[in-house]
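# What the coordinates show
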Amino acid sequence: MDLVSGLSREQRAYQYVLTHAIPGDPDSILDAFDIWCSKIEFISNIGPKKGKILDRLLLEHSPLTVLELGAHCGYSTVRIARALPLGARLYSIEMDQNNAAIAEKIIRLAGFDDNTLIVNPSDEVIPKLHSEYGLERLDFVFMDHWKKCYAPDLQMLEGSGMLCKGSMIVADNVLFPGAPRFLRHVRKSGLYDWKVHRATLEYSKGIRDGMAELVYKGHN
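Residues numbered from 1 in each chain as written. Predicted model: local features only at pLDDT ≥ 70, side-chain atom pairs only at ≥ 80, totals over all residues. Heavy atoms only, no water.

## Description of the overall build of the protein
Defined as follows: Secondary structure elements are defined from DSSP: runs of H or I of at least 4 residues count as helices, runs of E of at least 2 residues count as strands, and each element is numbered from the N terminus. In this scheme, a residue with accessible area under 20% of its type's maximum is buried, one over 50% is exposed, and one in between is partly exposed, where area comes from a 1.4 Å probe on protein chains only. Contacts were defined at the residue level, with two residues in contact if any of their heavy atoms lie within 4.5 Å. The method behind every accessible area is Shrake-Rupley, applied with a 1.4 Å probe, and residues are considered shielded solely by the protein chains displayed. In this charge count, Lys and Arg are treated as positive and Asp and Glu as negative; neither His nor the chain ends contribute. A single reference atom marks each charge: NZ on Lys, CZ on Arg, CG on Asp, CD on Glu.
Counting its regular elements, the protein contains 10 helices and seven strands. When the backbone C-alpha atoms are referred to their principal axes, the protein occupies close to 55 × 40 × 30 Å. Relative to its full complement of 220 residues, the protein shows a buried share of 53%. The contacts in the protein between residues at least 6 apart in sequence include a share of 70% that link residues at least 24 apart. Of the roughly 10600 Å² of accessible surface on the protein, a fraction of 51% belongs to carbon and sulfur atoms. Positive and negative charge centroids in the protein, built from 26 and 28 side chains respectively, lie 8 Å apart.

As structure tokens, this is what we get:
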């Protein structure tokens, strides 16, 4: 929190985006975020380099039902929404109410009012995705929330019955700060074809990171 303005990092980033981006133009909004985060103040968005990997996977997979764990201030939400085919639905979960309020403004600024933003911890929402939100299956899941939640949330999704053969899960920051329990579960479960896309930490050149790409094979 800035002691002079009383604004959080996310709120300061939002103010910059609001005054520098073009409403209704997702690319302009992402560009404004990238300028702020690379030149002014770091925020752990996925960023443009790893973002392009996510873009490509979304375009190749053309998912109709997408779950985002960790909307933060809306950067990845906009990035995902702009890549989805017509008629697709995006459900984003963010547990921090202040960040969720910013994410909602960013999503509306980009013109994606139809997305569903759920303000609650992921472990409370995942068990209710079918009963409260009517989800029957998940074609694509993007994880970029608390790294310690990756493994239990993935196992919860496996038990939910909403992952089908071919469902894709993409998890950011699996090497830095790292998600060792998640990677260990993926390796040992035998439920996935998987690989790690090597990259650097968002808005950084010197810190190695990676994104995990998982394709669900179903139970053996």
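## Quick look at the pairing of strand β1 (residues 65-69)
Burial within β1 is extensive, with five of its five residues counted as buried. A two-sided burial pattern is seen for β1, the buried positions comprising Thr65, Leu67 and Leu69 on one face and Val66 and Glu68 on the other.

## Observations regarding the sheet that holds strand β3 (residues 116-118)
Definition in use: Strand pairing is assigned whenever DSSP detects at least two bridges linking the two strands. Each axis is a line fitted through C-alpha atoms, taken for helices only over the stretch in contact, and angles between the N-to-C directions span 0 to 180 degrees.
Read from one edge to the other, the open sheet built from seven strands follows the order β3-β2-β1-β4-β5-β7-β6, with strand pairing classed as mixed. Every other strand in the sheet has two partners, leaving β3 and β6 (192-200) as the edge strands with one partner each. When strand polarity is set aside, the average angle formed by the axes of neighbouring strands in this sheet is 15°. Packed onto the sheet, helix α8 (residues 150-160) meets β1, β4 (138-143), β5 (163-171), β6 and β7 (208-216) and runs at close to 170° relative to β4.

## So, helix α5 (residues 97-110)
This is how it is decided: What a helix should span is 1.5 Å times the count of its residues minus one. Polar contact is the term for a pair of N or O atoms within 3.5 Å; when the atoms are in protein, one must be able to donate a hydrogen and the other to accept it, and sequence-neighboring residues count only if both atoms are side-chain atoms.
Taking 1.5 Å of rise per residue, the 14 residues of α5 would be expected to cover 20 Å, and the 20 Å separating its terminal C-alpha atoms lies within 8% of that figure. Asn99, Ala100, Ile102, Ala103, Ile106, Ile107, Leu109 and Ala110 are the residues of α5 that are buried. Residues of α5 that are buried sit in contact with α1 (9-20), α2 (26-39), α4 (75-83) and β3. Here α5 starts with a cap whose side-chain oxygen sits 3.0 Å from the backbone nitrogen of Asn98, and that cap is Asp96. Gly111 occupies a position one or two residues after α5 and carries a positive phi of about 95°.

## A few points about the packing of α1 against α2
For clarity, the threshold we go by: The scheme is simple: roughly parallel for angles under 35 degrees, roughly antiparallel for over 145, roughly perpendicular for 65 to 115, oblique for anything else. It is the rotation of the near helix from the far one that decides the hand of a crossing: anticlockwise by less than a right angle makes it left-handed, clockwise makes it right-handed. Under the grouping applied here, Gly and all other residues not named as nonpolar or charged are polar, the nonpolar ones being Ala, Val, Leu, Ile, Met, Phe, Trp, Tyr, Cys and Pro and the charged ones Asp, Glu, Lys and Arg.
It is the contact of α1 with α2, at a shortest axis distance of 9 Å, that shows an interaxial angle of 130°. Judged on the interaxial angle alone, α2 and α1 are oblique. Crossing geometry of α1 relative to α2 is assigned as right-handed. Packed against α1, whose contacting residues are Arg9, Arg12, Ala13, Tyr16, Val17 and His20, the element α2 presents Ser28, Ile29, Ala32, Phe33, Ile35 and Trp36 at the interface. By residue class, the composition of the contact of α1 with α2 is eight nonpolar, two polar and two charged.

## Remarks on unusual backbone geometry
Excluding glycine, a negative phi dihedral is what most residues carry, and trans is how most peptide bonds are arranged. Between Phe176 and the following residue, Pro177, the backbone shows a cis peptide bond with an omega angle of 0°. You can see Pro177 is positioned in helix α9 (residues 174-178). The phi dihedral of Ser62 is positive, around 45°, even though this residue is not glycine. Along the chain, Ser62 falls in the loop between α3 (47-61) and β1. Backbone geometry at Tyr203 places phi at a positive 60°, although glycine is not the residue there. Structurally, the position occupied by Tyr203 is in the loop between β6 and β7.

## Quick notes on the environment of Leu157
Note that Leu157 resides in helix α8. Judged by relative accessible area, Leu157 falls into the buried class, the value being 0%. When sequence neighbours within four positions are dropped, the list of residues in contact with Leu157 reads Leu67, Ile126, Leu138, Val141, Met143, Met162 and Leu163.

## A look at the pairing of β7
For β7, the tally of buried residues reaches seven of nine residues, placing the bulk of the element in the interior. Where β5 and β7 come together, four bridges link them in antiparallel fashion. Each bridged residue has a counterpart across the sheet, and for Ala171 the counterpart in β7 is Ala212. Here nine bridges tie β6 to β7, and the two strands are oriented antiparallel to one another. Its bridge partner lying in β7, His197 is registered against Met211.

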